[in-house]
Each structure stands twice: as structure tokens, then as C-alpha cells.
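So the chains spell out like this:
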Amino acid sequence: GGDNQFTISLEPEDAPPINCSAWYAFRVTPSSAVTNSQKIMVRLSYETCGHRYWPKTSFDGISWNYLPERDVKITEVDGVRQADITLKLDGRPIFVAGQEIIVPASYRSWIEGVAASEQVETFLLGKSAEGRDIPAVTIKALGTSPKRQVVLIGRQHPPEVTGALALLPFVETLLANTSLAQQYRAEFETIVVPMLNPDGVVRGHWRHNSGSTDLNRDWGPFKQPETQLMDGLLSQIENDPDRQLSFFVDFHSTQRDIFYTIPDEFPTKPALAIKNWLGLLQERMPDYEVKRSSSSNLAQANSKNYVYKRYGVPTVTYEMGDETDRKLISEIAEEAATAMMETLLASPVE
């Protein structure tokens, strides 16, 4: 539609999609003739599901800003939400994305930063189906071999960036120079796999890895190399008499902040850890409502259900809202990590 109008068609990598995570990202590079303000209009045309993520822009891929409401027009075509966005160009290339872009290089940089601590060791969990690295770290006090193990994973679903924005400060809080964190690192080893699905992240998939599979429906079947690696990691812990899995958290995003858990009446080792953890989190954040959803139906082959059924430990799917304030995401993560450390340290060694 003219020199200043563009249409981008969006459709998921699977049909029908399991979940409407209508992800998009693109870069606009103005011609050299554009030096002053010029406007272009980009129509995001969705084949199914419809517009979900509010457009965000960045000039450097690091700092992101929401497009103002006046520059985003939402319409419906045959019941599917479409979006027309207006971009003001100033001569600089600009990124536009449904969520901040956090790619394998971003994780490598973050891991290099935390690995400066002598209490962090990096390792390669393995390779994705397409041969990409799946990096991981372990955290424990120098010279210790804690029996109790905590496993944190993230990014099974590529667009779920707010889960990543929670995982990173959560882990950093475990590394803090506080007496609580020092005691925790002496008594617990934490294993972190921040990006389990690098192929999906790089390809911009809504939900899948490169094997046309939602990884968080492949726990138990373990047909995909990425979930097989997690099965191997957890089995290694179980088969080592000097190690014992104590807690498992999987970071995700959805439309709102919520913690998906197993019910309190289900026995766990340690007992009632989820109830105590989220109760402490609520105490630490009295002005924030900690929302929890428990289900006794463990049929779905997701990480939370599988790890609980197989190992009997407290398991949580930690979900942050798509558009939750980014500073609040960090604050919740810091308080949640602190509450987890307090809860686990108060639990007896089995």
C-alpha cells in the first residue's frame, strides 16, 4: 500500500497452535535519504490467534520502549485481532518486536557475567536438534558438595521473555553477598538451564522447538533431544547417592502473573515447601497479590507434572504476565528467590 505502508503476515509454526503466542520481530532500516522525521505504517496481519504482544522498539537491542497507544491501532477481521502500527523514523535502524529480544548471545553474555563468581561453574548441558549449545551453570559455595539440589529452567517457549526477565534476577539473588545466600549456597547446589529451546528462540517460533514439538508437552515421552537432556540431568541427580533433588522451577510467561503448582495435599519432600514459599513471598510483598493455581490433574506431560510424579519434589511453573512492569518482574524475582532460600533452609534434610 504505497512507499510508506507495509504488511507483515503472521502465522504459527504449527496448525492449529497449542497456544496463541503470536510472536513477531523485525527491523526497519531507513534509506540514507531519511534524516528527519518520516512515518511508516506497518500492518501486522494475523492468520490465526490475533495480536497479543504490545509492540516494543529499540535502537540498540538492549533498551526497549513500548510504542505509545496513539501509534497502535487494533482492529478485528473475522474475529481475529489485527494491529496497525505507526513508526516515526529518524534515520536510525529500529527494531520492533512483540517482546524484548533475548537470544543465545544474550544468555552467553549473562553467563559470562555471573561466571565471574568463583561460586559459579558453567557447563554445556548438550546440543539442540540443530546443533546449538544449551548452556547451563551450577551455583554452590566454593569447596562444597551440597547434597540438596535445586533445578531452574527457562525458555522452553520462545516468546515467553518475561519468564527470562524473571529467571535472570532470580538467579542473581541466589548469588548475592548476603548471609542468607551464603548459607543457601553452602547447603544447596543450584543448577540453571536458562534457555532449553535455542532453536525455537533463533527461529522465532511461537511455541515449538525445531522438531515441531512443544517441549513442555514432551516431559515423559522425551522424544526431543532438548527434553532428553533434562531427563538425563535429573536422572543423574537421582542416581547419585550424594545428591537429592529438592526443588524444581520452570519459568514461563502468560497473560498474567501466576504460579502453577501441585496441591498442598500432595506429599512432597520437603513437605509443604510451595505453600511456605509463596506464603513468605506474599509476606515480603504485601502490596502485590501472589496468585496461585493448583491442579490435581497431572495428566499433561509438562515439566511441573512430570518432575513431581517422577521425583516427588515441590515443582512450580513460574509465570510472569506478558506486559507486567519490567521493574516489578525483577522485584518479584528477587523476593521470590529470597523466600525460596528461606523456605528451603528451614526445611529438614531428608
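This is a predicted model, so every value here is computed, not measured.

## Topic: the state of the cysteines
Phase 1: Going through the model one piece at a time under the given rule, you end up with one disulfide.
Phase 2: Residue pairing for cysteine 20: its cysteine sulfur links by disulfide to cysteine 49, the two sulfurs lying 2.1 Å apart. Residues cysteine 20 and cysteine 49 share a disulfide whose torsion about the S-S bond is about -65 degrees; that sign makes it left-handed. On the criterion of sequence distance, the pair formed by cysteine 20 in the loop between strand 1 (5-10) and strand 2 (25-28) and cysteine 49 in the loop between strand 3 (38-46) and strand 4 (56-58) is long-range, its members being 29 residues apart.

## Considerations on the nonpolar core
Phase 1: By size, the foremost hydrophobic cluster in this structure holds 51 residues, and its most contacted members are Leu152, Phe170, Tyr184, Phe247, Trp277, Tyr318 and Met340.
Phase 2: Per-element tally for this core: the top contributor is helix 8 (residues 326-346), with 10 residues.
Phase 3: Setting aside anything within four residues of it in sequence, one finds leucine 152 in contact with Phe170, Val171, Leu174, Thr190, Ile191, Val192, Val193, Val249 and Phe251.
Phase 4: In terms of nonpolar packing, the next biggest core, distinct from the first, is built from 23 residues, Val42, Tyr46, Leu67 and Val72 among them.

## Quick word on the packing of aromatic side chains
Phase 1: The full count for this structure, using the stated rule, is 12 aromatic pairs.
Phase 2: Look at tryptophan 219 and tyrosine 306: their rings are 6.4 Å apart centre to centre, the planes differ by 50 degrees, and that puts the pair in the tilted class. Taken as a pair, tryptophan 219 in the loop between helix 4 (198-203) and helix 5 (225-239) and tyrosine 306 in helix 7 (residues 303-311) lie far apart in primary sequence, 87 residues in all. Just as tryptophan 219 is buried, tyrosine 306 falls in that class too.
Phase 3: When the centroid spacing of 4.5 Å and the interplanar angle of 35 degrees are considered together, the rings of phenylalanine 251 and tyrosine 318 count as tilted. Of the two residues, phenylalanine 251 is situated in strand 13 (residues 244-254) and tyrosine 318 in strand 16 (residues 315-321); the sequence distance between them amounts to 67 residues.
Phase 4: Classification of phenylalanine 251 as buried rests on a relative accessible area of 2%.
Phase 5: The residue whose ring lies beneath lysine 56 is tyrosine 66, and the NZ or CZ to ring-centre distance is 4.8 Å.
Phase 6: When the ring centre of phenylalanine 59 is taken as reference, the NZ or CZ atom of arginine 92 above it lies at 3.5 Å.

So, how was this worked out
- Residues numbered from 1 in each chain as written.
- Predicted model: local features only at pLDDT ≥ 70, side-chain atom pairs only at ≥ 80, totals over all residues.
- Heavy atoms only, no water.
- Disulfide = S-S within 2.5 Å.
- Helix = DSSP H or I, 4+ residues; strand = E, 2+ residues; numbered from the N terminus.
- Core = buried A, V, L, I, M, F, W, Y, C linked by side-chain atoms within 4.5 Å.
- Buried < 20%, exposed > 50% of the residue type's maximum accessible area, 1.4 Å probe, protein only.
- Contact = heavy atoms within 4.5 Å.
- Phe/Tyr/Trp six-rings, centres within 6.5 Å; stacked < 30°, edge-to-face > 60°.
- Lys NZ or Arg CZ within 6 Å of the ring centre and 35° of its normal.

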